Amino acid sequence: SIGFGVSVMPIKCTHDGASSTAVTNGYDGIYYAAVNNADVISCSWGGTGFSSTAQNMINWATNTQGCIVVAAAGNDGIDNDVTPHYPSSYTNTVSVASTTTNDVKSSFSNYGTNSIDISAPGSNIASTIPFNQYSFMSGTSMATPMVSGLLGLMKSLNPAITNAALLNCLYTTADNIDSQNPSYIE
């Protein structure tokens, strides 16, 4: 993504033989990343099932381990304020929606005035795929690493910055895209 001077910790969170679209052990991955000192944990997965154990894991990773958890808002084109998507709707996560190159909400992207924290490009993003190839892909799973990479880049510039200051900088310096998305203004 856009990080410079950062390390990437790839973590396998799916059982062997599981569907290529399934993440069977995502919260175990969050735990592993947190105990191994990840500053930013990027979660390009999710669903509608709530779990107090999962919320506790997010709270522990952020409040005790000092991580920032960034999560994809979902690709159902629905309001996450009405039908929450997890882990992006848990407290202490940065929920990321997807936009097009023109800063318009991607047609598939979930939205919500209270449940979405930020948007990033997620339509037609060049991505690596197996066998040393590239493909253009779309989804909030493509937007999430953009935000995670930016947070990593910001942290590499100022390693002593607090997470609160880092997130404040992210939110207050983001472009306002209300004029491109009048139906989604808070």
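Criteria and cut-off values
- Residues numbered from 1 in each chain as written.
- Predicted model: local features only at pLDDT ≥ 70, side-chain atom pairs only at ≥ 80, totals over all residues.
- Heavy atoms only, no water.
- Helix = DSSP H or I, 4+ residues; strand = E, 2+ residues; numbered from the N terminus.
- Rg over C-alpha atoms; globule rule 2.2 N^0.38 Å.
- Buried < 20%, exposed > 50% of the residue type's maximum accessible area, 1.4 Å probe, protein only.
- Contact = heavy atoms within 4.5 Å.
- Areas by Shrake-Rupley, 256 points an atom, 1.4 Å probe, with all protein chains shown as cover.
- Pairing = 2+ DSSP bridges.
- Axes fitted to C-alpha atoms, helices over the stretch in contact; angles between N-to-C directions.
- Right-handed = clockwise from strand over helix to strand, strands pointing away.
- Phe/Tyr/Trp six-rings, centres within 6.5 Å; stacked < 30°, edge-to-face > 60°.

Asks: I keep staring at the overall build of the protein chain and nothing clicks. Help me out?
Replies: The helix and strand inventory of the protein chain stands at 4 helices and 6 strands. Its helices and strands taken in sequence order, the protein chain reads α-β-α-β-β-β-β-β-α-α from the N to the C terminus. Over its C-alpha trace the protein chain gives a radius of gyration of 16 Å, about what one expects of a compact globule, namely 16 Å for 186 residues. Taken along the three principal axes of its C-alpha coordinates, the protein chain extends 40 × 40 × 35 Å. When burial is assessed residue by residue, the protein chain has 36% of its 186 residues classed as buried. Within the protein chain, contacts between residues at least 6 apart in sequence are counted, and of these 63% link residues at least 24 apart. As displayed, the protein chain offers around 10300 Å² of accessible surface, 53% of which is attributable to carbon and sulfur atoms.

Asks: Is there a simple way to think about the sheet that holds strand β1 (residues 40–43) in this case?
Replies: Paired through backbone hydrogen bonds, the strands of a sheet run either parallel or antiparallel to each other. Across the sheet, 4 strands lie side by side as β1-β2-β3-β4; this open sheet has parallel pairing. Only two strands of the sheet have a single neighbouring strand rather than two, namely β1 and β4 (118–121). If you compare each strand with its neighbour and ignore which way they point, the axes differ by 30 degrees on average. Sheet topology places strand β3 (residues 93–99) next to β4; 4 bridges connect them, and they run parallel. Within the sheet, the bridge partner assigned to Thr99 lies in β4 and is Pro121. Contacts between helix α4 (residues 163–173) and the sheet are confined to β2 (68–72), β3 and β4, with β2 contributing the most and set at about 40 degrees to the helix.

Asks: Just to check I follow, could you spell out the pairing of β1 for this structure?
Replies: If a strand is regular, its side chains alternate between the two faces of the sheet. Only one face of β1 is covered, namely the face carrying Ile41 and Cys43; the face carrying Val40 and Ser42 is uncovered. Alignment of β1 against β2, held across 4 bridges, turns out to be parallel. Among the inter-strand pairings, Ile41 is bridged to a residue of β2, identified as Val69. Following the chain from β1 across helix α2 (residues 52–64) to the adjacent parallel β2, one finds a crossover that is right-handed.

Asks: I would appreciate a short explanation of the packing of aromatic side chains in the present structure.
Replies: With the rule as written, the count across this model stands at 7 aromatic pairs. Each ring, one from Tyr27 and one from Trp45, has its centre 5.1 Å from the other, and the planes form 85 degrees; the classification is edge-to-face. A residue pair is termed long-range when its members are at least 10 positions apart, and Tyr27 in helix α1 (residues 26–35) and Trp45 in the loop between β1 and α2 qualify at 18 residues. With centroids separated by 5.6 Å and ring planes inclined at 55 degrees, the aromatic side chains of Phe50 and Tyr90 adopt a geometry described as tilted. Highlighted residues: Phe50 in the loop between β1 and α2 and Tyr90 in the loop between β2 and β3, separated in sequence by 40 residues. By relative accessible area, Phe50 is classed as exposed at 52%. Under the relative-accessibility criterion, Tyr90 is labelled buried at 3%. The structure contains a cluster of three or more aromatic residues connected by ring pairs, namely Tyr27, Trp45, Phe50, Tyr86 and Tyr90.

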